[in-house]
Amino acid sequence: MSRTPKQVGLLVDVTRCTGCNRCVEACAEANRLGQPDVTLQQSPDGLSARRWASIVESPAGGFVRKFCRHCLEPACVSVCPVGAMYRTPEGVVLYDSRKCMGCRYCMMACPFGIPRYEWESSAPLVRKCTLCYDRLKDGGLPACVEACPEGVLAFGERSELLALARRRLQEAAPLYLPKIYGEHEIGGAAVMYISHVPLDFLGYHGEPGEEPMPELTWDWLAKVPAVALGVAGLMTGLLWIIGRRIQAEASRQARLPARPIEEQK
Ligand code: SF4
Ligand code: SF4
Ligand code: SF4
């Protein structure tokens, strides 16, 4: 009999973050991202193909970690015409570079502006947080969770993180806004936040409502003429890029061993 995989999650407690940036550095090191490829002028939120997480200052004060939410119903997955963006059974949203044809619909569709492109590369790929899936499969924790000295980040089963978040909101009520960001918005997300400041500023148009983005995204994309006209051309004209990528990325596609995901203490 098959077991349903546990749905993993990551809880960010914004009240604890000092903005030290160690989680960002740990992410870059663990994922061998090298030096940042853009300046803060080019990317005011600090995200880029070589920075999958950043610390941004909220307009109301406080440091907030910005990275992929690993949505339960991801818009990036729903718009990808070739299935390059996909969601694992554990709830991690990943990217298969061998399938990508470079249309960048995922970048347009993401309500938080997360995926970034390797603009400088001759065979560019889309890049974003992987929730350190390789490490999880080896029984480890995401590098950022391990690196944070303030206990801002907790990794584990999503249901248990929700319980932890509710407990903190109850026990220290005056400290927090009475909301778990990511519990319900756009259908829910693996990455959730509790906070003393509003986090609406992280979304393109404020914090999205609760309706899953896949139900909204194609309606929106279909109204963009360039998108509508481009679909057919991209599907046929860019196939050669896939071939190039298969060669360029062959060495990066090590398969993952299957091991249970353990929750952080
Ligand atoms: S935050 Fe954006 S990139 Fe991440 S899973 Fe959701 S839609 Fe996809
Ligand atoms: S989970 Fe991994 S890939 Fe994602 S921000 Fe943390 S360290 Fe980076
Ligand atoms: S390591 Fe922890 S305290 Fe430092 S910036 Fe990251 S989340 Fe904030």
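Here, every reference points to the structure presented above.
Residues numbered from 1 in each chain as written. Chains lettered and ligands numbered in written order. Predicted model: local features only at pLDDT ≥ 70, side-chain atom pairs only at ≥ 80, totals over all residues. Heavy atoms only, no water.

(A) Spotlight on the site of ligand 2. Every one of the 13 residues lining ligand 2 counts as a neighbour, but Cys-27, Cys-129, Leu-131, Cys-132 and Cys-144 are closest to it. Its residues placed into classes, the shell around ligand 2 shows 10 nonpolar, two polar and one charged. (Near = heavy atom within 4 Å. Nonpolar A, V, L, I, M, F, W, Y, C, P; charged D, E, K, R; others polar.)

(B) Layout of the sheet that holds strand β8 (residues 153-157). Read across the open sheet, the three strands follow the order β8-β1-β9; overall the sheet is mixed. Edge strands, defined here as strands with exactly one partner in the open sheet, are β8 and β9 (191-194). The sheet shows a mean angle of 25° between the axes of neighbouring strands, direction not considered. Of the strand pairs in this sheet, strand β1 (residues 8-13) and β8 are connected by five bridges, and their pairing is antiparallel. (Pairing = 2+ DSSP bridges. Helix = DSSP H or I, 4+ residues; strand = E, 2+ residues; numbered from the N terminus. Axes fitted to C-alpha atoms, helices over the stretch in contact; angles between N-to-C directions.)

(C) Just the environment of Pro-74, in detail. By the element assignment, Pro-74 lies in the loop between β3 (63-66) and α2 (75-79). Note: C-alpha distance between Pro-74 and Arg-87 (13 residues apart in sequence) is 8.0 Å.

(D) Fine view of the packing of aromatic side chains. A full pass over the atoms with the stated rule returns one aromatic pair. Between Tyr-117 and Trp-119, the aromatic rings sit 4.8 Å apart at their centres with planes inclined by 75°, giving edge-to-face as the arrangement. Relative accessible area serves as the criterion here: at 8%, Tyr-117 is assigned to the buried category. Relative accessible area serves as the criterion here: at 57%, Trp-119 is assigned to the exposed category. The ring of Phe-112 carries Arg-69 above its face, with NZ or CZ at 3.9 Å from the centroid. (Phe/Tyr/Trp six-rings, centres within 6.5 Å; stacked < 30°, edge-to-face > 60°. Buried < 20%, exposed > 50% of the residue type's maximum accessible area, 1.4 Å probe, protein only. Lys NZ or Arg CZ within 6 Å of the ring centre and 35° of its normal.)

(E) Expanded view of the nonpolar core. Formed by 41 residues in total, the largest nonpolar core has its most connected members in Leu-10, Val-12, Phe-67, Leu-131, Leu-153, Tyr-193 and Leu-199. Going through the elements one at a time, β1, α1 (22-30), α4 (133-137), α5 (143-147), β8 and β9 are the ones with two or more residues in this core. In terms of residue count, the dominant contributor to this core is α1 (four residues). If we skip the residues at most four places from it in the chain, Phe-67 touches Leu-10, Val-12, Trp-52, Ala-53, Ile-114, Cys-129, Val-191 and Tyr-193. Counting 12 residues, the second largest nonpolar core, distinct from the first, contains Cys-76, Cys-100, Leu-125 and Val-126. (Core = buried A, V, L, I, M, F, W, Y, C linked by side-chain atoms within 4.5 Å. Contact = heavy atoms within 4.5 Å.)

(F) Representation of the site of ligand 3. The environment of ligand 3 is made up of Cys-17, Thr-18, Gly-19, Cys-20, Asn-21, Arg-22, Cys-23, Ile-55, Cys-148, Pro-149, Glu-150 and Val-152. Across the shell around ligand 3, the residue classes break down as seven nonpolar, three polar and two charged.

(G) Layout of the pattern of salt bridges. Following the criterion strictly, the structure yields 11 salt bridges and no others. Residue Arg-98 pairs with Asp-96 through a salt bridge whose shortest N-O separation is 3.1 Å. With a relative accessible area of 35%, Arg-98 lands in the partly exposed category. Residue classification places Asp-96 among the buried residues on the basis of a relative accessible area of 10%. Across the pair Arg-166 and Glu-183 runs a salt bridge, and its minimum N-O distance is 2.5 Å. On the criterion of sequence distance, the pair formed by Arg-166 in helix α6 (residues 158-171) and Glu-183 in the loop between α6 and β9 is long-range, its members being 17 residues apart. Residue classification places Arg-166 among the partly exposed residues on the basis of a relative accessible area of 43%. Through salt bridges with shared partners, one network takes in Asp-13, Arg-16 and Arg-168. (Salt bridge = Lys/Arg side-chain N within 4 Å of Asp/Glu carboxyl O.)

(H) Seen up close, the environment of Met-192. You can see Met-192 is positioned in strand β9. If near-sequence neighbours (up to four positions away) are discounted, Met-192 is found in contact with Leu-10, Leu-11, Val-12, Arg-158, Leu-161, Leu-162, Ile-180, Tyr-181, Gly-182 and Glu-183.

(I) Representation of the side chain of Lys-128 in the model. With respect to the helices and strands, the residue Lys-128 is situated in the loop between β7 (126-127) and α4. Here Lys-128 is buried and forms no salt bridge, its nearest opposite-charge partner Asp-134 lying at an N-O distance of 12 Å. Polar side-chain contacts of Lys-128 include one of 2.6 Å to the backbone oxygen of Val-93. Other than its neighbours up to four places away in sequence, Lys-128 contacts Trp-52, Cys-68, His-70, Met-85, Val-93, Ile-114 and Pro-115. (Lys, Arg positive; Asp, Glu negative; His and termini not counted. Polar contact = N/O pair within 3.5 Å; in protein donor to acceptor, adjacent residues only side chain to side chain.)

(J) Local environment of α6. Between its first and last C-alpha atoms α6 spans 20 Å; for 14 residues at 1.5 Å apiece the expected length is 20 Å, and the two agree. The complete set of buried residues in α6 reads Arg-158, Leu-161, Leu-162, Leu-164, Ala-165, Arg-168 and Leu-169. Axial view of α6: buried residues confined to an arc of 160°, hence all on one face. Away from its buried face by more than 90 degrees, α6 exposes Gln-170 and Glu-171. (Expected span 1.5 Å × (residues − 1). Arc of directions from axis to C-beta.)

Scope: geometric values only; no functional claims are made or implied.
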